[in-house]
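Close look at the chain arrangement
Below are the chains, spelled out letter by letter.
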Amino acid sequence: MCGIVGYNGKKNATEIVINGLKKLEYRGYDSAGISLVKDGKLITNKEVGRIKNLEESFDFSSLNSNNAIGHTRWATHGVPSKINAHPHVSNDESIAVVHNGIIENYVELRDELTEKGYNFKSQTDTEVIPNLISENYNGDILDAVFKSIDSLKGAYALGIIDGNEPDRLIAVRHSSPLIFAIDKDGYLIASDITSVIEHTNKIIYLEDGDVVDIREDSYTIYDANHNKIEREILEVDYSSQDASKEGYDHFLIKEIHEQPKVLRDVISVKHKDYKINLEDAAFTKEEIENFNKIFITACGTAFHAGEVGKFAIEKLVKVPVVAEIASEFRYKNMFIDDKSLVILVSQSGETADTLAALKEAKKHGAKVLAITNVVGSTIAREADKVIYCYAGPEISVASTKAYTTQVISLYFMAMDIALKAEKISQDEVKEIIENLEKIPSQIEEILEDKENFKEIADEIKDAKSIFYTGRSLDYITAKEGALKLKEISYIHTEAFPSGELKHGSIALIEEGTPVISVATQKDVLEKTLSNNQELTARGAKVISIIENNNVFSKDISEDIIEIPETMDLLTPLLAVIPEQLIAYYTSLLLGNDVDKPRNLAKSVTVE
Ligand code: F6R
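Here goes a summary of the coordinates provided. (Residues numbered from 1 in each chain as written. Predicted model: local features only at pLDDT ≥ 70, side-chain atom pairs only at ≥ 80, totals over all residues. Heavy atoms only, no water.)

The next subject is the overall build of the protein. Each helix and strand in the protein was counted, giving 17 helices and 27 strands. A globule of 607 residues ought to have a C-alpha radius of gyration of about 25 Å, and the protein, at 25 Å, matches this closely. With respect to the three principal axes, the spread of C-alpha positions in the protein is 80 × 55 × 45 Å. Considering the protein as a whole, with its 607 residues, one finds that 61% of them fall into the buried category. A separation threshold of at least 6 residues defines the contact pool for the protein, and within that pool the share at least 24 residues apart is 71%. Here the protein holds 67 positive side-chain charges and 100 negative ones, and the gap between their average locations is 1 Å. (Helix = DSSP H or I, 4+ residues; strand = E, 2+ residues; numbered from the N terminus. Rg over C-alpha atoms; globule rule 2.2 N^0.38 Å. Buried < 20%, exposed > 50% of the residue type's maximum accessible area, 1.4 Å probe, protein only. Contact = heavy atoms within 4.5 Å. Lys, Arg positive; Asp, Glu negative; His and termini not counted. Charge placed at Lys NZ, Arg CZ, Asp CG, Glu CD.)

Around the ligand, 14 residues are found, and the nearest of them are S346, Q347, S348, T351 and E487. Contact between the ligand and Q347: an oxygen atom at 2.6 Å from a main-chain N or O atom of the residue. K484 is positioned with one of its side-chain polar atoms (N or O) 2.8 Å from an oxygen atom of the ligand. Protein burial of the ligand: of its 410 Å² of free accessible surface, 88% is covered by the chains. Of all the elements in the fold, those that place two or more residues in the shell around the ligand are α8 (300-316) and α15 (473-489). (Near = heavy atom within 4 Å. Polar contact = N/O pair within 3.5 Å; in protein donor to acceptor, adjacent residues only side chain to side chain. Areas by Shrake-Rupley, 256 points an atom, 1.4 Å probe, with all protein chains shown as cover.)

Look at helix α14 (residues 450-460) against helix α17 (residues 571-589): their axes get within 8 Å of each other, and the N-to-C directions meet at 55°. Between α14 and α17, the angle falls in the class oblique. Our pair here, α14 against α17, has a crossing hand that is right-handed. Touching K450, F453, K454, I456, A457, D458 and I460 of α14 are P578, L581, I582, Y585, T586 and L589, all from α17. Split by residue class, the contact of α14 with α17 holds nine nonpolar, one polar and three charged. (Axes fitted to C-alpha atoms, helices over the stretch in contact; angles between N-to-C directions. Parallel < 35°, antiparallel > 145°, perpendicular 65-115°, else oblique. Left-handed = near helix turned anticlockwise from the far one by under 90°. Nonpolar A, V, L, I, M, F, W, Y, C, P; charged D, E, K, R; others polar.)

Most of strand β1 (residues 3-9) sits inside the fold, with seven of its seven residues counted as buried. Residues of β1 alternate between two faces, with G3, V5, Y7 and G9 on one and I4, G6 and N8 on the opposite face, all of them buried. Pairing of β1 with strand β4 (residues 67-73), which is carried by six bridges, proceeds in the antiparallel orientation. For Y7, the partnering residue across the bridge sits in β4 and is A68. Across five bridges, the pairing between β1 and strand β10 (residues 186-190) is antiparallel. Across the sheet, Y7 pairs through a bridge with L188, a residue of β10. (Pairing = 2+ DSSP bridges.)

Attention shifts here to unusual backbone geometry. Residues apart from glycine generally show negative phi values, whereas peptide bonds are mostly found in trans. That bond from H86 to P87 is cis: its omega, 0°, falls within 30 degrees of zero. Relative to the elements of secondary structure, P87 occurs in the loop between β4 and β5 (88-89). With a phi close to 60°, S175 is a non-glycine residue in the positive phi region. When you line up the elements, S175 lands in the loop between β8 (169-174) and β9 (179-182). Under the relative-accessibility criterion, S175 is labelled partly exposed at 26%. In this model, K318 sits at a positive phi of 60°, which is unusual for a non-glycine residue. Note on placement: K318 falls in the loop between α8 and β19 (321-325).

Here we come to the packing of helix α4 (residues 128-136) against helix α5 (residues 141-149). Where α4 contacts α5, the two axes come as close as 8 Å, and the packing angle between them is 115°. Here α4 runs over α5; the crossing is right-handed. Contact with α4, carried on its side by L132, I133 and N136, involves I141, A144, V145, K147 and S148 of α5 and no other residues of that element. Residue composition of the contact of α4 with α5, by class: five nonpolar, two polar and one charged.

Right, here's the structure in full:
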């Protein structure tokens, strides 16, 4: 989603900002722009499409500057266009603003400013901000920003520069992520770490309400009450190599292949000699006994991981768990109270719907446990306890290694609770962990079979619709397979519980409709196979994902994908790998932008 980069210092800000924007491309965007101060004058340029278009639009080499802000826009208010792209500039062309988030009261503010004589060219909510600051300007940009943000409602991370005060860059963080980074020769602001890490690993994760007044060689941070405040400078362990493709054609395939290594690492940190080690994230026996309800909430792929977590807790702890997608969680009566445990799952730790669910849970006094990949993210900071996934940076929009590490983290959490609640024994924990330890090499085995997945992709790539089916835990894996395929192939793909098809959806099956059947759960296998017979009888081309000891389904599947055998509870970790590969190769064959699928954003920071 929208990305912000800004630099104020001794180096060439123009170059730093353009390169920084390129690093944010993975977040998803439709237009880009930059404003810089040169000889006391504000210069702004914006283009629709890729950053390459912006670079080619004018001669940046002659535009060295020490102070610049840039933006990648993912359209919310108004179509992708040059006018709607950021930065937005005040009518007097002195103040430029880049914004991530949504200004909820922009109509009201725009009407007030229009009455005062301001003109608005764009359809955006953002354009009110530079004009509001201009209206409040009295010779000091910080003072004008303070006055202006007091009238803004909604979520906003802002970068602001002013032609009248060319050595100042103001950054604001309010319910939208923004980091501040300290380099030897200057300062950066950015939506995330990927665009600053090649310059410095000294990062301040700004808090909600923070405003930073950045000069070329000094900075001052103010809190939500506009009082000066010190914030901790963290030295972040993240290498710029993490954000490169390292010889792979796409980040997606690189990240799929990283799973064996990443999973090995995650499993090894979550236990010592088969004794679970969740460090500070573990609940005590007393806390566990005090919980009266358990909820899991998340969005998209992270929600599917959450549903596997629900299954694991219900199986191991033997208590019911309510799983609800985060965008619904906030607006439903979930009956949360101060004895509830609410578990949030989020790769980025910045997803607006998940964050809103967190706030809702806290409002009711619940304990909040976050399972996230990004250290220092808003969700990690606001939750009571955090289990980190340690997947490393996930750049491709379609989530793969974050999913499998989320699932592993949830298994460990479920085992820890079950053990403390005396619902399983240490021997049972050891058996599950021993099976988990085999998973990385079992994934390696699946990854060796690339040609098979390319062939399947070729067979399904022209389909009008594709269905994924499964029962019980396999239905969750089917949902993840369908999401992965549709988001990067753009083929309509839906997941159904195998037994539900005959209640209506089987009407969609035509001669040759591909159906990918996930059939790993032994207790429901025969029933799944009967459902596949029903599909085959109606012309569906069934492709089954089965464990390699399973002989039954070979007769009724046109294609078989065999995965190594594991405990039923752990099959989501293996069955998802063919799904990821099928999605990758299908998208590739269709010529799509694999890492940056249309309309999507990596970090969804608006509700
Ligand atoms: C799909 C995908 C999304 C995310 C969802 C939540 O491949 O990546 O569905 O899972 O947007 O994002 P996070 O996990 O960052 O909260």
